[in-house]
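# Working through the structure, step by step
Residue-level listing of the chains:
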Amino acid sequence: MKSLADRSIAIVGYAETRLVRRSGRTALSLAGEAVDRLIAQTGIERARIDGFATTLAMSEGGNPFYSNLLAEGLGLSVTWCQATEIGGASSGGNIARAAAAIQAGLCDVVLCLASDAVSTIDRSVQSGHRTEYCDPAGYAGPLSAFALLSNVYDQRYGLPHDALAKLAVTQREGALLNENACDVLRRPLTEQEYLDSKIVSDPLRILDCVMRCDGASAVLVMSTRRAREMGFQKLVHPVAYAERINFDPTEASGDMLRTGFTDVAPRAFNAVGWKPSDVKMLHWYDDFLIALILQLEQTGFCGPGEGGAFVKAHDMTWRGELPLNTGGGQISAGQPGLAGGGVNLVECLRQMFGEAGARQVRDAGNAMLSGIGVIQYARTWGTSTVMLLERSQ
């Protein structure tokens, strides 16, 4: 998405709720809390918001009018409305879609929302290959799929258990300093405790896996010109975005480990003339730790099979030279269903706004955000997205 490179689009504010296990609330209730906080933080009038982009909610599965009814519940009357259903890539995807809508003149000020209460109730129904092939064989969705990916990686390169342990501890350190992280995850963790944790789908340990919870996040997007007119001082610009849906659908490559990140990362970097070494921090989708290893290898930070060595060689905590998921990521903060990508997006913005408190990184001048969505049967994930962001000078 080269139209972002001129920094004509700005993110001016963000807000989120606490992440809570079995909150007993609804996606609308959580959304209302996040939006109220965003309005209070930015001072924007609700009536000024004329664009609305939302993720879907597993707790509201089957509602064909979800985005419209959610907007109504939030008191919004808009000229453009978007519900995005590319899974965990939807939050970043909505920023890009909001930018395109603004540039097309469809709206002026866009609310991008992610909200789900999936640990309270899950109404989603995933059909297709799930009901035809997976469920009858006991193939338990993402858990089985990522175990299969991990097994392939293990056979080819050797699974880097020590590096995965380090990643688990790295992200947990961030969660300990994140008051919005799920309480059950805000406990100290050692590498040995990770290695000793229960195997749940060989070779995946329970601490390799994300935990579902309830929560919401909200982000406000407008043109940079409009942001300046309205007096916003802190701006974050999405400067590049690339998306790939169903990478290698015919499996022509014959390589289950090869994902869409081999396509979207070069396209995003080329749009602004960056290379991996230019990136100051990573806010990457992390439903399973192995996904972080694969992303390192396929976005150009290291070569195939070298992800574990890269992790071992670098400090990726909030103090380090390449901070990763500084609020704990989803694995150590919690995944609010299909709103999960919002967890990493909001932490990215918090760091870039210089508002991360005790876990503030040294240099938050730019960032790389990623998204993953849908797990196909006996294949890698179906959606890969990369967004590059830069703080206004």
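Residues numbered from 1 in each chain as written. Predicted model: local features only at pLDDT ≥ 70, side-chain atom pairs only at ≥ 80, totals over all residues. Heavy atoms only, no water.

### A short note on the nonpolar core
- Membership of the largest hydrophobic core comes to 55 residues, with the highest contact counts inside it found for F146, L282, L296, F301, M368, W381 and L388.
- Every element with two or more residues in this core is listed here: α5 (141-156), α6 (161-176), β8 (236-245), α9 (261-272), α10 (289-298), α11 (307-313), β10 (366-375) and β11 (381-391).
- If we ignore the near neighbours within four places in the chain, the residues touching F301 are P276, V279, L282, W284, L296, F310, L322 and M368.
- In this structure, V110, C112, M352 and M387 belong to the second largest nonpolar core, which totals 33 residues. (Core = buried A, V, L, I, M, F, W, Y, C linked by side-chain atoms within 4.5 Å. Buried < 20%, exposed > 50% of the residue type's maximum accessible area, 1.4 Å probe, protein only. Helix = DSSP H or I, 4+ residues; strand = E, 2+ residues; numbered from the N terminus. Contact = heavy atoms within 4.5 Å.)

### Remarks on helix α2 (residues 66-73)
- The complete set of buried residues in α2 reads Y66, S67, L70 and A71. Angular distribution of buried residues about the axis of α2 spans 130°; they occupy a single face of the element. Projecting away from the buried face of α2 at angles above 90 degrees are the exposed residues N68 and E72.
- Looking at the buried side of α2, the elements it contacts are α1 (27-42), β2 (51-55), β3 (80-84) and β4 (109-116). (Arc of directions from axis to C-beta.)

### Notes on the environment of R205
- When you line up the elements, R205 lands in strand β6 (residues 204-205).
- Here H161 takes part through its side chain, which lies 3.1 Å from a polar atom of the side chain of R205.
- A distance of 3.1 Å separates a polar side-chain atom of R205 from the backbone oxygen of L195. (Polar contact = N/O pair within 3.5 Å; in protein donor to acceptor, adjacent residues only side chain to side chain.)

### Examining the layout of surface pockets
- Its boundaries defined by the atoms lining it, the largest pocket holds a volume of some 1,200 Å³.
- Of all the secondary-structure elements, those providing two or more residues to the lining of the largest pocket are α4 (129-137), α5, β10 and β11.
- With 4 residues, β10 is the largest single contributor of residues to the lining of the largest pocket.
- Within the lining of the largest pocket, the residues separate by chemical class into 22 nonpolar, 17 polar and 6 charged.
- The space that makes up the second largest pocket amounts to roughly 170 Å³. (1 Å grid on protein atoms, 1.4 Å probe; cavity = no way out; pocket = protein on both sides within 12 Å on 5 of 7 lines; lining within 4 Å. Points joined across faces, edges and corners; volume = space filled by probe spheres on them. Nonpolar A, V, L, I, M, F, W, Y, C, P; charged D, E, K, R; others polar.)

### A look at the pairing of strand β1 (residues 9-16)
- For β1, a buried count of 8 out of 8 residues is recorded, marking the element as mostly surrounded by other parts of the structure.
- Where β1 meets strand β7 (residues 215-223), 7 bridges bridge the pair, whose relative direction is antiparallel. Considered in β7, the bridge of E16 is made with S217. (Pairing = 2+ DSSP bridges.)

### Description of the packing of aromatic side chains
- A complete count under the given rule lists 7 aromatic pairs for this structure.
- Arranged with centres 5.5 Å apart and planes meeting at 75°, the rings of Y14 and F353 form a pair that is edge-to-face. Of the two residues, Y14 is situated in strand β1 and F353 in the loop between α13 (341-352) and β10; the sequence distance between them amounts to 339 residues. The pair formed by Y14 and F353 is uniform in burial state, with each residue classed as buried.
- Ring plane angle 75° and centroid distance 5.6 Å describe the contact between W284 and F301, whose orientation is recorded as edge-to-face. Of this pair, W284 sits in the loop between β9 (282-283) and α10 while F301 sits in the loop between α10 and α11; the two residues are 17 residues apart in sequence, bridging distant segments of the chain. Taken as a pair, W284 and F301 share a single burial class, namely buried.
- Ring-pair connections join several aromatic residues into one group, and the members of that group are F146, F261, F288 and W381. (Phe/Tyr/Trp six-rings, centres within 6.5 Å; stacked < 30°, edge-to-face > 60°.)

Read these as spatial facts, not as claims about activity.
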